[in-house]
Amino acid sequence: MSIKDITVVITTFRSNEKIKNCLNSIDKQCKILLVENSANLKFKKNMEKEFSNVECIITGDNLGYAKGNNIGLERVQTKYALILNPDATLHTATLENFFQTAYQIPDFAIMAPYIQTNAEGRENKSSTPIPVSNVKGFAMFLNISEFKKVGFFDESFFLYFEDIDLCKRLVSQNKKIYLVPSIKINHLGGQSHDSVDNEEIELSRNWHWMWSTFNYHKKHKGF
């Protein structure tokens with residue numbers, strides 16, 4: 001396995017300031033598909049000029065996080081993909097630790113970073129991958145071959161619950177999901193956009209949280 005076996009997929013929306021830290025943390029030999037949910041051609045030009053390993057796809061409108069990721073995933077030609085939020089950054093050994101774990105567990109569907117603390121708040125030093133039923137969507141390592149029957153994200157989820165829904169569908173097909181303590185990724189959380197847009201986007205997030213909660217329960221529980 002090598003860096004050429006993985007493609008990073010990042011969906012952005014008004015992330016001009018935040019995205020550079022993310023991109024700078026990724027190995028320059030790694031292919032990156034940057035899906036910008038807008039018609040901002042200047043953003044595309046700037047990103048591709050500054051980062052030679054980036055291909056920026058302009059959607060023309062804000063299509064949502066699930067659909068943005070799907071647009072990127074449909075173009076992935078490597079064995080693995082990493083779904084990454086714009087406000088996340090990789091550690092130096094992140095990709096190498098992923099490859100080592102993928103070699104140990106080749107039939108995984110998703111791996112995700114994990115830092116566990118014990119009762120005293122110290123980091124758990126265990127390096128054993130932990131089987132789980134779902135993981136958070138800010139950083140998801142996908143084994144593309146495991147998604148042929150399940151598909152990727154349900155695009156009826158504009159924002160929120162798309163990760164939980166995907167994991168639930170994978171588990172229903174007996175696919176394997178793991179949290180891996182050796183994989184480290186920093187995540188600011190809720191800061192993928194530029195600060196000037198905070199108030200507008202916070203209102204939008206509240207609405208989408210309520211809608212996605214309803215949509216998820218309706219889909220999986222019938223109400």
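What counts, and where the lines are drawn
- Residues numbered from 1 in each chain as written.
- Predicted model: local features only at pLDDT ≥ 70, side-chain atom pairs only at ≥ 80, totals over all residues.
- Heavy atoms only, no water.
- Helix = DSSP H or I, 4+ residues; strand = E, 2+ residues; numbered from the N terminus.
- Areas by Shrake-Rupley, 256 points an atom, 1.4 Å probe, with all protein chains shown as cover.
- Core = buried A, V, L, I, M, F, W, Y, C linked by side-chain atoms within 4.5 Å.
- Buried < 20%, exposed > 50% of the residue type's maximum accessible area, 1.4 Å probe, protein only.
- Contact = heavy atoms within 4.5 Å.
- pLDDT = per-residue confidence, 0-100.
- Pairing = 2+ DSSP bridges.
- Salt bridge = Lys/Arg side-chain N within 4 Å of Asp/Glu carboxyl O.
- Axes fitted to C-alpha atoms, helices over the stretch in contact; angles between N-to-C directions.

Asks: So what exactly am I meant to see when it comes to the overall build of the protein chain here?
Replies: Across its full length, the protein chain holds six helices and ten strands. Put simply, the protein chain shows about 11600 Å² of open surface, and 50% of that area lies on carbon and sulfur atoms.

Asks: Which parts of the structure should I look at to understand the nonpolar core?
Replies: Within soluble globular proteins, side chains that are nonpolar tend to cluster in buried spots. In this structure, Ile10, Leu84 and Phe98 are the most contacted members of the largest nonpolar core, which totals 35 residues. Per-element accounting of this core gives the leading share, four residues, to helix 4 (residues 94-104). In this view, Phe98 contacts Ile6, Tyr80, Phe108, Met111, Phe141 and Ile183; residues no more than four positions away in its chain are not counted. By size, the runner-up hydrophobic cluster in this structure holds 26 residues, among which are Ala81, Ile83, Ile144 and Ile177.

Asks: When you look at the confidence of the model for the protein chain in this model, what are you seeing that I'm missing?
Replies: Should the pLDDT be low somewhere, the predicted coordinates at that spot are not to be read in detail. Residues at a pLDDT of 70 or more form 81% of the protein chain, whose mean pLDDT is 86. The low-confidence segment residues 116-121, where pLDDT is below 50, has seven contacts with residues more than four positions distant or belonging to other chains.

Asks: Please clarify how the pairing of strand 4 (residues 80-84) should be interpreted in this entry.
Replies: On any regular strand, side chains alternate: one points to one face of the sheet, the next to the other face. For strand 4, the tally of buried residues reaches five of five residues, placing the bulk of the element in the interior. In strand 4, alternate side chains face the same way, and those of Tyr80, Leu82 and Leu84 on one face and Ala81 and Ile83 on the other are all buried. When strand 1 (residues 6-12) meets strand 4, the two strands line up parallel, connected through four bridges. Looking at the pairing, Thr7 lines up with Ala81 of strand 4.

Asks: Please clarify how helix 5 (residues 162-172) should be interpreted in this entry.
Replies: Among all positions in helix 5, only Glu162, Asp163, Asp165, Leu166, Cys167, Arg169 and Leu170 are buried. Of the residues one or two after helix 5, Asn174 is the one with positive phi, at around 60 degrees.

Asks: What should I look at first to understand the pattern of salt bridges in this one?
Replies: Any two side chains of opposite charge can pair, on the condition that their charged atoms come close. Applying the stated rule across the entire model yields seven salt bridges. Here Lys44 makes a salt bridge to Glu48, at a shortest N to O gap of 2.9 Å. Of this pair, Lys44 and Glu48 both sit in helix 2 (residues 41-50), separated by four residues, roughly a single helical turn. On the accessibility criterion, Lys44 (25% relative accessible area) is partly exposed. As a salt-bridge pair, Arg169 and Asp165 come within 3.0 Å of each other at their nearest N and O atoms. Placement of the pair is Arg169 and Asp165 together in helix 5, with a separation of four residues, close to one helical turn. Taking relative accessible area as the criterion, Asp165 reaches 0% and is therefore assigned buried. Via salt bridges that share partners, Lys31, Glu55 and Arg75 belong to a single interconnected network.

Asks: Help me out: how do you make sense of the sheet that holds strand 6 (residues 108-113) in this one?
Replies: Two strands in a sheet stick together by hydrogen bonds in their backbones, pointing the same way (parallel) or opposite ways (antiparallel). With mixed pairing, eight strands are arranged side by side in an open sheet as 3-2-1-4-8-6-9-7. With one partner strand each, in any of the chains shown, strand 3 (54-58) and strand 7 (130-131) form the two edges of the open sheet. Sheet topology places strand 1 next to strand 2 (residues 31-36); six bridges connect them, and they run parallel. From the neighbouring strand, Val8 faces strand 2, where its bridge partner is Ile32. Packed on one face of the sheet, helix 4 meets strand 1, strand 4, strand 6, strand 8 (139-143) and strand 9 (176-180) and runs near 145 degrees to strand 6.

Asks: Got a minute to help me understand the pairing of strand 9 in this structure?
Replies: Within strand 9, four of the five residues are buried, which leaves it mostly tucked inside the rest of the structure. When strand 6 meets strand 9, the two strands line up parallel, connected through five bridges. Residue pairing for strand 9: Pro113 is matched across the bridge by Val180. The pairing of strand 7 with strand 9 spans two bridges and is classified as antiparallel. Paired with Ile130 across the two strands is Leu179, which belongs to strand 9.

Asks: What should I look at first to understand the environment of Ala139 in this one?
Replies: Inspection of the secondary structure puts Ala139 in strand 8. Spatially, the C-alpha atoms of Ala139 and Asn85 are 6.6 Å apart, while their sequence positions differ by 54 residues. Sequence-distant contacts of Ala139, that is, excluding residues within four places in its chain, are made with Leu82, Ile83, Leu84, Met111, Ala112, Pro113 and Ile185.

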